[in-house]
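# Secondary and tertiary structure notes
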Amino acid sequence: MTVPVLLLVDALPPLGGAPAGTPAPGVTTATTAPDDDARIRAVDPAAPHVTVLDLGVTRGDGIFESFGVVEGAVQALEPHLVRLARSATLLDLPALDLDVLRTAVLRSVELHEPLPELLCKLVVTRGVEGATDAHGRPAVTAWVYTDPGADFRRERTEGVDVVTLDRGYRHDVAQTSPWLLQGAKTLSYAVNKAVYREAARRGAQDVVLVSSDGFVLEGPTSTLVARYGDRVVTPATDQGILAGTTQAAAFAWFAAQGLTTAEVQLTVERLREADGLWLLSSGRQSVPIRSLDGTSVPVDDTTTAGLLTHLLGRRS
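Residues numbered from 1 in each chain as written. Predicted model: local features only at pLDDT ≥ 70, side-chain atom pairs only at ≥ 80, totals over all residues. Heavy atoms only, no water.

### A closer look at the overall build of the chain
Summing up its helical and strand segments, the chain has nine helices and 14 strands in all. Taken along its principal axes, the extent of the C-alpha atoms in the chain is 60 × 40 × 35 Å. Out of the 316 residues belonging to the chain, those deemed buried represent 50%. The contacts of the chain with a sequence gap of at least 6 include a subset with a gap of at least 24, amounting to 76%. By element, 55% of the accessible surface of the chain is carried by carbon and sulfur atoms, the whole surface being about 14,500 Å². Counting 28 positive and 38 negative side-chain charges, the chain places the centres of these two groups 2 Å from one another. (Helix = DSSP H or I, 4+ residues; strand = E, 2+ residues; numbered from the N terminus. Buried < 20%, exposed > 50% of the residue type's maximum accessible area, 1.4 Å probe, protein only. Contact = heavy atoms within 4.5 Å. Areas by Shrake-Rupley, 256 points an atom, 1.4 Å probe, with all protein chains shown as cover. Lys, Arg positive; Asp, Glu negative; His and termini not counted. Charge placed at Lys NZ, Arg CZ, Asp CG, Glu CD.)

### A word on the side chain of His171
Mapped onto the secondary structure, His171 falls in the loop between β7 (160-166) and α5 (173-176). A polar atom in the side chain of His171 sits 2.7 Å from the side chain of Asp213. Ignoring anything within four residues of it in the chain, the contact list for His171 reads Ser211, Asp213, Phe215, Asp238, Gln239, Gly240 and Gln265. (Polar contact = N/O pair within 3.5 Å; in protein donor to acceptor, adjacent residues only side chain to side chain.)

### Re helix α9 (residues 301-312)
Taking 1.5 Å of rise per residue, the twelve residues of α9 would be expected to cover 16 Å, and the 16 Å separating its terminal C-alpha atoms lies within 8% of that figure. Every buried residue belonging to α9 is among Thr303, Thr304, Leu307, Leu308 and Leu311, and all of these are buried. Each buried residue of α9 lies within a common arc of 125 degrees when the element is viewed along its axis, so the set occupies one face. Facing away from the buried side of α9 by over 90 degrees, the exposed positions are Asp301, Thr302 and Thr309. (Expected span 1.5 Å × (residues − 1). Arc of directions from axis to C-beta.)

### Considering the nonpolar core
Ranked by internal contacts, the top residues of the largest apolar core, which has 32 residues, are Val9, Ile63, Leu96, Leu101, Val105 and Leu122. When contributions to this core are tallied by element, the ones reaching two or more residues are β1 (5-9), β3 (62-70), α2 (77-90), α3 (98-111), β5 (117-125) and β6 (141-147). Here the element with the most residues in this core is α3; it accounts for six residues. Within the second largest apolar cluster, 21 residues are counted, among which are Val210, Ala262, Val264 and Leu277. (Core = buried A, V, L, I, M, F, W, Y, C linked by side-chain atoms within 4.5 Å.)

### Some points on the pairing of strand β12 (residues 276-281)
Regular strands show a simple pattern: their side chains alternate between the two faces of the sheet. The buried fraction of β12 is high, at six of six residues. By the alternation rule, side chains of β12 split into Gly276, Trp278 and Leu280 and Leu277, Leu279 and Ser281, which are all buried. Of the strand pairs in this sheet, strand β9 (residues 223-228) and β12 are connected by five bridges, and their pairing is antiparallel. Across the sheet, the residue bridging to Arg227 is Gly276, located in β12. Taken together, the four bridges between β12 and strand β13 (residues 285-292) define a ladder with antiparallel strand orientation. Directly across from Leu280, in β13, lies its bridge partner Ser286. The hairpin formed by β12 and β13 contains three residues between the paired strands. (Pairing = 2+ DSSP bridges.)

### Regarding the sheet that holds β5
The strands that make up a sheet are held in pairs by hydrogen bonds between backbone atoms, and each pair lies either parallel or antiparallel. Across the sheet, six strands lie side by side as β2-β1-β6-β5-β3-β4; this open sheet has antiparallel pairing. Looking along the sheet, the strands with just one partner apiece sit at the ends: β2 (40-43) and β4 (73-74). One ladder, built from nine bridges, connects β3 with β5; its direction is antiparallel. Paired with Phe64 across the bridge in β5 is Val123. Here α2 sits on the sheet in contact with β3, β4 and β5, set at roughly 175 degrees to β3. (Axes fitted to C-alpha atoms, helices over the stretch in contact; angles between N-to-C directions.)

### Side note on the confidence of the model for the chain
Scored by pLDDT, the chain has a mean of 92; 93% of the residues are at 70 or more. Within the model, the stretch residues 18-34 combines pLDDT values under 50 with 37 contacts to residues more than four positions away or in other chains. (pLDDT = per-residue confidence, 0-100.)

### Some words on the environment of Arg39
Topologically, Arg39 is positioned in the loop between β1 and β2. Among the residues examined, Arg39 registers a relative accessible area of 9% and is labelled buried. When the C-alpha atoms of Arg39 and Thr302 are compared, they prove to be 46 Å apart, with 263 residues separating the residues in sequence. Every residue in contact with Arg39, bar those within four places of it in the chain, is listed here: Leu8, Val9, Asp10, Ala11, Leu12, Pro13, Pro14, Asp97 and Val100. There is a polar contact of 2.5 Å between the side chain of Arg39 and the backbone oxygen of Leu12.

### Here's the deal with the packing of helix α7 (residues 245-256) against α9
Packing of α7 against α9 leaves a shortest axis separation of 10 Å and a crossing angle of 120 degrees. The orientation of α7 with respect to α9, classified from their angle, is oblique. For α7 against α9, the interelement crossing comes out right-handed. Of the residues in α9, those touching α7 at Thr246, Ala249, Ala250, Trp253 and Phe254 are Thr303, Gly306, Leu307, His310 and Leu311. Classifying every residue of the contact of α7 with α9 gives six nonpolar, four polar and no charged. (Parallel < 35°, antiparallel > 145°, perpendicular 65-115°, else oblique. Left-handed = near helix turned anticlockwise from the far one by under 90°. Nonpolar A, V, L, I, M, F, W, Y, C, P; charged D, E, K, R; others polar.)

### What to know about the pairing of strand β10 (residues 231-235)
Of all five residues in β10, four are buried; the element is thus mostly enclosed. In this sheet, β10 lies alongside β9 in antiparallel orientation, the contact comprising three bridges. Bridge assignment links Tyr228 to a residue of β10, and that residue is Arg231. Taken together, β9 and the strand that follows it, β10, pair antiparallel across an intervening segment of two residues, in which Gly229 is found at a positive phi of about 65 degrees. Bridge count for β10 against strand β11 (residues 260-264) is five bridges, and the pairing is parallel. From the neighbouring strand, Pro235 faces β11, where its bridge partner is Val264.

In structure tokens form, the structure reads like this:
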């Protein structure tokens, strides 16, 4: 039986040291400090480590990132760290030490039994309400957990049936009501799970969320990509949705095939006219949509296979 790897991490910058700045995608900001080993502890994944008073447990008050790992290589490591830092800012969390978090992610993969695919999850919570560390700073809780994840081979080739569901907010909610934290990757996933249960009740496996004023957004755990002839689009992130790290890699591949790519505002009506639809995420990589609200969607097997091969072939 494969044993998961769990690392507890001191995620705040060392006292007197400047927090690691947000790195540009694909750029490492600094080398790992020699004392990072003492700030990363491997622990028994089956033992309890988080108090029931932790705000990540009681209120879902925290953030996370999930990293796809293929043949031992962590995919899109720097873009994920960029997004984590942005989520921390949106939630008014303390500045995180991205260098030690980077090291913890890489170490968790090194410690895991080698497998073709793994999923690595980095979590940061606000900790226990009112708690501080030895230096008076808010005591956040952080850990990295790596295991094989689910088997998505069937979905990747056969596709999924999808329904559209109303998110309940306008497409401009991130501008009108930033306190709703749209666009942050938070631990508050009760709604996301309820969305999947509703999809199952409708005979579908996944969901595309739409705004209350009729614009396409994203999946509960994925980014949407649509093809119209020689043009490939994804919903614009200024609509309170996450910037997809896998979507960025997919756009690079589509561009290499001679297609144009763009972020757009996409209406539900226009979505139904697509020549092809995919859901992209770190774990599943790419999954074609074979039906939308009960209507068949064309599935280009050649494009689907080429895209998946490219995404699985990433080594950074």
